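As a plain string of letters, each chain reads:
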Amino acid sequence: MSSVRPRTDDDVAACVELLAQVHRSDGYPVNWPARPGDWLSGASGLGAWVAERDGRVAGHISLDSSGEGDVAPGLWGDPNRTAVVSRLFVTPEARGHGIGALLMGEAVAEARRLDLHPVLDVVATDTAAAALYERLGWKLLATVEQHWSPTQAVTVHCYAAPTAA
C-alpha cells in the first residue's frame, strides 16, 4: 500500500539515498548536485511530499514559486499565478504502483489550494516522466532549449496541468 505525506527534515537523508539510486539508474538529475539535500529542500517553498510504500520512503515531489530559468510559467501565462512542480522521483523498485501519480496529485492539489496553476519543465530525454504527465492530462506547451551553463544546453519539454474543472 502506498501513501503520500508532507516531507519532514528527517526524510531528507532517505530522499538523498533514493535520489542517488534514481541518478544511477535513470540519470536524474542530469547534473548531480554538490549538496543534494539542499537541492531537494531548495525547491520546496510551497511544499514537499514523500510517498511511502510498505513503510519506507519510495518517492518525492516539490512545489515552488516560479524562479529564474523556469520556462513553463511564462509560456502558460502569468508566472506569478503558477506553481512549479519539481524534484519528482520514484525509486526504481517502487515503480509501477501509481506512486508518481499520487505524488503529482498531491502537488497539484496544493497548487490549486493556493489558487496557482501547476506547471513544470522536464528534460526531453526523460520519456517516462513525459509519458506520466501526458497520462495525467498535462498539456505540452513547448519544447525549448535551456542553457544551464555556458557549456551546457539542454532540451526541455514545458507542461501545464489541465485546467481545474
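Structure shown above.
This structure is a prediction, so every number in the text was calculated from the model and none was measured.

K.L.:
Would you explain unusual backbone geometry in this entry?
P.N.:
Peptide bonds are, in most cases, trans, and in most cases residues other than glycine have a negative phi. Across the junction of Tyr28 and Pro29, the peptide omega takes the value -5°, indicating a cis bond. Structurally, Pro29 is set in the loop between α1 (12–26) and α2 (36–42). At Asp54, a residue that is not glycine, the phi angle is positive and equals roughly 55°. Here Asp54 is to be found in the loop between β2 (47–53) and β3 (56–64).

K.L.:
Would you take a moment to explain the side chain of Thr82 for this structure?
P.N.:
Assignment of secondary structure puts Thr82 in strand β4 (residues 82–90). At 2.8 Å, the side chain of Thr82 forms a polar contact with the backbone oxygen of Pro79. Here Thr82 is in contact with Ser66, Pro73, Trp76, Leu116, His117 and Val119, once residues within four sequence places are set aside.

Calculation rules
- Residues numbered from 1 in each chain as written.
- Predicted model: local features only at pLDDT ≥ 70, side-chain atom pairs only at ≥ 80, totals over all residues.
- Heavy atoms only, no water.
- Helix = DSSP H or I, 4+ residues; strand = E, 2+ residues; numbered from the N terminus.
- Polar contact = N/O pair within 3.5 Å; in protein donor to acceptor, adjacent residues only side chain to side chain.
- Contact = heavy atoms within 4.5 Å.

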